[in-house]
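# Analysis of the macromolecular model
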Amino acid sequence: MQEKNRGLALFTSLVFLFLLGPLIIISFTSFEPGSVLKFPPEGFSWRWYENIFNVEMFMTTFKTSMFVSLFGNLLALLLGIPAAYALSRFDFRGKGILNGIFISPVLIPGIVMGFAMLKYVIVVYNLPIYAGLLVGHTVLMLPFIIRVIASSLSNFDFAIEEAALSLGAGRLETFFKVVLPNIRSGIIAAILIAFLESFNNVDISVFMTGPGVSTLPIQMLTYVENNFDPTIAAISVLLMILTAILMFIIERLMGLSYFTKR
Amino acid sequence: MALLTLDNVSVAYDNQYILQNFNLNIEKGQLISLLGPSGCGKTTTLRLIAGFLEAKDGRFMFEGKDYTRVPVNKRNFGFVFQSYALFPHLSVFDNVAFGLRLRKINETEVKTRVQQILEVVSLGGYEKRFPKELSGGQRQRVAIARALVIQPDLLLFDEPLSNLDANLRINMRVEIRRIQQELGITTVYVSHDQEECFSISDQVAIMNKGVIEQLDDPATIFKYPKTEFIARFIGFTNFIDFAERTEQNGEIGLRVGDHHFTASKNPGTANPSGKKCAMRPDDLLVTTEESAELGMNRLRGTVKVSTFLGRSYQYVVETELGDFTVNQEMETPYKTGLNVNLLFPKDKVVLVD
Amino acid sequence: MRKTGLYLLLLPGVLFLTLFMVIPIVMTIASTFYQDGSFTIQGYLQFLTDAYFLKIMLTTLQVSLVTTIACVLIGFPAAYYISKLGPRKKGILLALAIFPLLTSSVVRSFSWMIILGKKGLLNSSLLAIGLIDKPLEILYTPTAMMIGLIHLFLPLIIITLVGVMENIDPDLLKAAESLGASKLTAFWKVIVPLSVPGLIIGSILVFVGSLTAYTTPALLGGKQRVISTFLYQNAITLNDWHLASVIATIMIVITFVVIYFMNKLATKLNPKG
């Protein structure tokens, strides 16, 4: 039996080597001093990290990505918090259908969503590309916001809300003074999870590019097509650091069980 | 005039009535319990009074004013929840101060009043604690203090003790009664535990299927239940359904088949339509003697089951009118199969609907 | 709570999604049946009769199927091992599985370009130890796509399965053993059937995910098209929006059919009924 466990342990180690190895390799190659990606690197240099800041498109698209992910997040919160609250708090006819609608953006293939939005949001509704990008990312984030907040509301005893009402608080006052403070960590986790989904998105953004408008992942894709220097590796390292920090905060706020539940 | 009146009130979910043409009057300063099995409508009544539910029809009058459409946060009623419903993110002090601050009372007075009320519920010194650091009983006291501090016009309790263990439950109900009487505050108390209700209430309303079957002081209900449902609910186990009821020589005559019973006139037999006799197991006697005893109705039967209860024996006696349960203290028990006489004291007979 | 209040809470979100998601998707589907103002199914006929299109379809399905099977076979034992660990070790391994999941797919696919390229890590190592004498052509083939997709979706199936396996009462295994089952039999008769719902959900996620993934095939597939890159090519490069809409509709239909039947299967196979 011990032996079988040892075999399993070895197998699992190999699985994790497969999962994390490439990410470690990419990190090493980012310090390559030469202009061709190599592993192991032939020296150590910050050169390609500096290069990120010299390529103007990286800076512009980074700003666009940040703006879209943060502002879209805000929009998704404004739309999503009331919806998550209504869906958790009340029973009413058509609740199942509404739940379905709010979750559907994760069910529809991203590339299909991107194309449909290009066709209608940009062409038919005639919104500027920047606005289309923002709208697309808001739609993308909404199900994550609603799901995480609804799951944190599912632990909330709504008698607490009634207690506040009976003590003289109005509905809105109750929400801000009693409900919101108690689901705060859920909301922050929702913001971070949605942010990562949006910031890393390719499927929708790839259709929403235009003169001077593009997101960082799309710019990275374009860059890879024409260059094979370690700049992308350097950006990758920065993105992984950002991911690790956000993931750490999410873990502190609500543990990682959100990811294992389905 | 009553402080609170529910006048022909109806409440329905999905077109299913929980309460229909419901009426209730409550006098100032009283503690009235709503008692009944789950689903009887007691919690609905309480939530209606609190304002969490809205009546479909009917009126809710309070101090002579129409409260039917007054929203919950404008009613100034204190509500104590089964789950305590303390604000997890606030300290004991801030929990209790919550209602006062909403009333824009200045912070010095908030402080005095919170301290005062925490003394009343014996929680002085706990101001800085958070709900999760308190025991169940302490949380309940905070919940009560929070409801009391706003000087509510009415205090409402929804099964406040059901999450506590048995000993604490007895202490807390004494405490609740003490505080209620000390402050003279009108209180509506909901529970499914009859001992709890009977021990703390001025009046008990026993509810069944959305209707109050009896509203009386606890002693009266205990001795003279008005309906079979209530009689069963408070421990009457023996029933005889008589066919005919007559009055003779200041007593009540009852007949079913060849069996004739008499019952004394008392509040328990005052119900003119009551033809069903209800008896507690403690009030019946089993005997092997044949001599007639004064003031007793008699019925022949056979001991079917005999169980030792500690202080007494419990018999199930089979008769022509069905099985009867009797609790009787005695040295040596009757054996199963023995032919006995069952005695029904005529002053213990209660007639119910 | 009055009805109007409820609607006020839900309305903004519903309107937003209707305007920017439901209408675009529904209209895209509807548009495939109209061309030049009259009803047509020409787009579908063209798609279903063109050998090139069908080959893309077939490659996509093959790649997705292999990816899903590989993920299940690799993920199941690993998930079982993780689920048996103490809370601390389990937490760390879960975190290490979730980290790649949250990392940009561009980064993850790009890392495989470094490894699988002509002068990449794999080829240079194999050449160095003399196992091969000329570089393998892996990058820009379906194999590269599969490797990239397995890397992309393996964490997903692992954490899904851990979530399910964690909830299996360990006493069940002991009970099975006390009834005479060997450890292996107990594993097959208890753990495997109770993991079926998680396995199916995990497989849906991986299969649908691989079927519709864009970044990985775009970076690792080279000229080899799959359905998602083909949609992009028609929409952006070739500007054939009618065909692109047909492909989009086919993708939606496949996605929902897979989800529907796998869900049916999950309910049917769920030992808890």
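Keep in mind that this is a model prediction, so the values were computed, not measured. (Residues numbered from 1 in each chain as written. Chains lettered and ligands numbered in written order. Predicted model: local features only at pLDDT ≥ 70, side-chain atom pairs only at ≥ 80, totals over all residues. Heavy atoms only, no water.)

### Here we look at the overall build of chain A
Applicable threshold: Helix numbers and strand numbers start at the N terminus; a helix is a DSSP run of H or I with at least 4 residues, a strand a run of E with at least 2. Under the scheme applied here, a residue whose accessible area is under 20% of the maximum for its type counts as buried, over 50% as exposed, and between as partly exposed, the area being computed with a 1.4 Å probe on protein chains only.
Secondary structure assignment for chain A yields 12 helices and 0 strands. Secondary structure elements of chain A, listed N to C terminal, follow the sequence α-α-α-α-α-α-α-α-α-α-α-α. Projecting the C-alpha coordinates of chain A onto the three principal axes gives extents of approximately 70 × 65 × 30 Å. In chain A, which comprises 262 residues, the proportion classed as buried is 57%.

### Brief notes about the sheet that holds strand β13 (residues 251–256) of chain B
Whether parallel or antiparallel, the strands of a sheet pair through hydrogen bonds between backbone atoms. Residues and elements named next belong to chain B. Note the cut-off: DSSP calls a pair of strands paired once it identifies at least 2 bridges connecting them. Angles here are taken between N-to-C directions and fall from 0 to 180 degrees, while the axes themselves are lines fitted to C-alpha atoms, restricted in helices to the stretch in contact.
As summarised here, the arrangement of the 3 strands in space is β12-β13-β14, forming an open sheet in which the pairing is antiparallel. Edge strands, defined here as strands with exactly one partner in the open sheet, are β12 (244–248) and β14 (259–264). When the angles between neighbouring strand axes are averaged without regard to direction, this sheet yields 25 degrees. With 5 bridges joining them, β12 and β13 adopt antiparallel strand pairing. Looking at the pairing, E247 lines up with I252 of β13.

### Let's talk about the UniProt feature "transmembrane region" (unreviewed entry) in chain A
Residues and elements named next belong to chain A. The criterion, for reference: UniProt positions are given in the numbering used here, feature names are shortened, and annotations may be inferred rather than shown by experiment.
As annotated by UniProt and renumbered to match this structure, "transmembrane region" (unreviewed entry) occupies residues 7–31, 66–88, 100–123, 129–150, 187–210 and 230–250. Spanning residues 187–210, this segment combines 54% helix with 0% strand, and its end C-alpha atoms are found 33 Å apart. Its end C-alpha atoms 30 Å apart, residues 230–250 is made of 95% helix and 0% strand.

### A closer look at the domain arrangement of chain B
All names here are of chain B. Applicable threshold: What fixes the domain bounds is an automatic or database domain assignment. Residue contacts follow a heavy-atom distance rule, with two residues in contact if any of their heavy atoms lie within 4.5 Å. Accessible area that two parts lose when put together, with a 1.4 Å probe and added across both, is what the buried area reports.
The assigned domain composition of chain B is domain 1 (4–225) and domain 2 (232–352). With 12 residues of domain 1 at the contact, the number on the domain 2 side is 10 residues. With both sides pooled, the region where domain 1 packs onto domain 2 buries about 800 Å², and carbon together with sulfur makes up 73% of that total. The three residues of domain 1 that bury the most area against domain 2 are F222, Y224 and P225, which together make up 59% of that side's buried surface.

### Some words on the sheet that holds strand β1 (residues 4–13) of chain B
All names here are of chain B. The sheet built from 4 strands is open, its strands ordered β2-β1-β4-β5 with antiparallel pairing. At either margin of the open sheet sits one strand with a lone partner, and together these are β2 (16–26) and β5 (65–66). This element, helix α1 (residues 42–50), spans β1, β2 and β4 (57–62) of the sheet and lies at about 115 degrees to β1.

### Quick notes on the interface of chain B and chain A
Using the following cut-off: The salt bridge definition used is simple: a Lys or Arg side-chain nitrogen within 4 Å of an Asp or Glu carboxyl oxygen. Any pair of nitrogen or oxygen atoms within 3.5 Å is treated as a polar contact; in protein, a donor-acceptor pairing is required on top of that, and neighbouring residues in sequence qualify only through side-chain atoms on both sides.
Every contact between the two is made by 19 residues of chain B and, on the other side, 17 residues of chain A. Buried surface at the junction of chain B and chain A, summed over both partners, amounts to about 1,600 Å²; 65% is from carbon and sulfur atoms. Three residues, N73(B), H89(B) and L102(B), lead the burial of chain B against chain A; their summed loss comes to 31% of the area buried on that side. E162(A) is the partner of R47(B) in a salt bridge, and the nearest nitrogen-oxygen pair spans 2.4 Å. Joining chain B to chain A, the criterion identifies 6 residue pairs in polar contact (both at pLDDT 80 or more). Counting residues per element, the ones that place at least two in the side of chain B that touches chain A are β6 (77–80) and α2 (92–102) of chain B.

### What about the interface of chain A and chain C?
Using the following cut-off: Each residue gets one label: Ala, Val, Leu, Ile, Met, Phe, Trp, Tyr, Cys and Pro are nonpolar, Asp, Glu, Lys and Arg are charged, and the others, such as Gly, are polar.
With 76 residues of chain A at the interface, the matching set in chain C holds 79 residues. Contact between chain A and chain C buries roughly 7,100 Å² in total, counting both sides, with carbon and sulfur atoms accounting for 86%. Inspection of the chain A/chain C interface yields 0 salt bridges. Our enumeration of links across chain A and chain C arrives at 7 residue pairs in polar contact (both at pLDDT 80 or more). Elements with a minimum of two residues in the side of chain A that touches chain C: α1 (2–29), α3 (56–89), α4 (95–107), α5 (110–124), α6 (129–153), α10 (216–226), α11 (231–254) and α12 (257–260) of chain A. Broken down by element, the side of chain A that touches chain C gets its largest block of residues, 16 residues, from α1(A). Taken together, the residues of the side of chain A that touches chain C sort by class into 62 nonpolar, 9 polar and 5 charged.

### Some details on the packing of aromatic side chains
The geometry of two aromatic rings is summed up by the distance between their centres and the angle between their planes. Rules: Any pair of Phe, Tyr and Trp rings, taking the six-membered ring for Trp, is counted once the centres come within 6.5 Å. Such a pair is stacked with planes under 30 degrees apart, edge-to-face with planes over 60 apart, and tilted for the rest.
Evaluated as defined, the whole model comprises 53 aromatic pairs over all chains. Ring centres of Y214(C) and Y232(C) lie 5.3 Å apart, and the angle between their planes is 55 degrees; on these two criteria the pair is classed as tilted. Pair noted here: Y214(C) is in the loop between α9 (183–212) and α10 (215–220) and Y232(C) is in helix α11 (residues 227–237), with a separation of 18 residues, a long-range link. Of the aromatic side chains, those joined through ring pairs into one cluster are Y85(A), F90(A), F156(A), F158(A), F175(A) and F176(A).

### What to know about the UniProt feature "domain: ABC transporter" (unreviewed entry) in chain B
In this numbering, the UniProt entry assigns the feature "domain: ABC transporter" (unreviewed entry) to residues 4–234 of chain B. Across residues 4–234 of chain B, the secondary structure splits into 36% helix and 26% strand, with the terminal C-alpha atoms separated by 27 Å.

### Some thoughts on the environment of A12(B)
Residues and elements named next belong to chain B. Looking at the element boundaries, A12 is found in strand β1. When its relative accessible area of 23% is taken as the criterion, A12 is described as partly exposed. For the pair formed by A12 and F130, sequence separation is 118 residues and the distance between their alpha carbons is 38 Å. Leaving out residues up to four positions away in the same chain, A12 has contacts with Y17, I18 and K56.

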